[in-house]
Amino acid sequence: MAAASGEILSRCPVTGLPIRTRPEWTDLDFGTNHYRVSLSVLGADTLLIRSEGESRLDNLKPYFAFYDRVVSEMFPPVGTHFAIEDFSALNGTNRESRKFYLDWRRSDLRLKGVAFFGVTELFRIMIKIGVRISRPRFPVKIARDYRAAVLWTHELAEVSGSEAPVSEVPAVVTPTLLPIQFDDFQMEFRILDDEVLFQVS
């Protein structure tokens, strides 16, 4: 496949499919000094996303508006696609941005599945909790690495009618045990899988 004007073309080392990106899709900070994101398209139906820094609401809103434009352009006519999220350079997030991310993803009817890789243990727990609580209509995977994420989406694309959300390990979360309200924030404690006490701020 030849690259379109302005596109940079490479090959996926796992599938051999083309990977297309553009300079205007690379290292976007949306006017912030704490977050950057790069997008590329794998094959005909997968968007690769690499996030760096700390994700907050001020970058997520313009990011998803940009994401919409890329998806509409690259996956016509209706924009259905898979997303692979590389979190290996993502250092943090906050409650507002997590909620916005979950709500936006869950409402995106074009999404056929999301795979995450490069996640820390904290992000792993948050993803499991998000899947458990929000119950997305599309499958979700926490993969070991890029190769595992790509193979998962590639296999999923070949299976018709796969709608049940999945995760690496099903997570059972208790209701809030004891919310503690301070002047400018609230702390909540819950239990994950009957053995992990975690805090949501």
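Before reading on, note that the structure itself is shown above.
Since the model is a prediction, treat every value here as computed from it, not as a measurement. As a convention, each chain's residues are numbered from 1 in the sequence order in which they are written. Given that this is a predicted model, residues contribute local features only at a pLDDT of at least 70 and side-chain atom pairs are listed and counted only at 80 or more, while totals for whole chains, interfaces and linings are drawn from all residues. For side-chain calculations, the full set of non-hydrogen atoms in the structure is used, while hydrogens and water are omitted.

Caption draft 1: Summary view of the overall build of the protein. Put simply, DSSP marks the helices as runs of H or I at least four residues long and the strands as runs of E at least two long, and each gets a number from the N terminus on. Broken down by element type, the protein carries four helices and 10 strands. Ordered by position in the sequence, the α and β elements of the protein form the string β-β-β-β-α-β-α-β-α-β-α-β-β-β. Every one of the 201 residues in the protein was classed for burial, and the buried ones make up 44%. Across the protein, every contact between residues at least 6 apart in sequence was considered, and the portion connecting residues at least 24 apart equals 59%. Buried residues are those whose accessible area, probed at 1.4 Å on protein chains only, stays under 20% of the maximum for their type, while exposed residues exceed 50% and partly exposed ones sit between those limits. Here, residues are in contact when the closest pair of their heavy atoms is within 4.5 Å.

Caption draft 2: Examining the side chain of Asn 59 more closely. Structurally, Asn 59 is set in helix H1 (residues 57-74). Given the relative accessible area of 0%, Asn 59 is considered buried. From its side chain, Asn 59 meets the backbone nitrogen of Arg 56 in a polar contact 2.7 Å long. A 3.5 Å cut-off defines polar contacts: any pair of N or O atoms within that distance qualifies, except that in protein one atom must be a possible hydrogen donor and the other a possible acceptor, and neighbouring residues in sequence count only when both atoms are side-chain atoms.

Caption draft 3: The arrangement of the pairing of strand E1 (residues 8-11) in detail. Any two strands with at least two DSSP bridges between them are considered paired. Alignment of E1 against strand E2 (residues 18-21), held across four bridges, turns out to be antiparallel. The residue of E2 that forms the bridge with Ser 10 is Ile 19. Hairpin connection of E1 to E2: six residues between the antiparallel strands, including Gly 16 at a positive phi of 80°.

Caption draft 4: Focus on helix H3 (residues 121-134). The end-to-end C-alpha distance of H3, which contains 14 residues, comes to 20 Å, matching closely the 20 Å that a straight helix rising 1.5 Å per residue would cover. Within H3, the full set of buried residues consists of Phe 123, Arg 124, Ile 125, Ile 127, Lys 128, Ile 129, Gly 130, Val 131 and Ser 134. Looking one or two residues beyond H3, the residue adopting positive phi is Arg 135, at roughly 50°. In this analysis, the expected span of each helix is defined as 1.5 Å times one less than the number of residues it contains.

Caption draft 5: How the structure looks around the side chain of Glu 52. Along the chain, Glu 52 falls in strand E4 (residues 46-55). You can call Glu 52 buried: its relative accessible area is 17%. With near-sequence residues (within four places) excluded, Glu 52 lies in contact with Asp 27, His 34, Tyr 35, Arg 36, Ala 89 and Leu 90.

Caption draft 6: Structural view of helix H2 (residues 95-107). Compared with the 18 Å implied by 1.5 Å per residue over 13 residues, the 18 Å span of H2 between its first and last C-alpha is a close match. When we look at burial in H2, the residues that qualify are Ser 97, Tyr 101, Trp 104 and Arg 105. Buried residues of H2, viewed axially, fall in a sector of 95°; they line one side. For H2, the exposed residues set more than 90 degrees away from the buried face come down to Glu 96, Lys 99 and Ser 107. The arc under discussion is defined with respect to the helix axis, by the directions toward the C-beta atoms.

Everything listed here is a matter of coordinates, which is why it stays silent on function.
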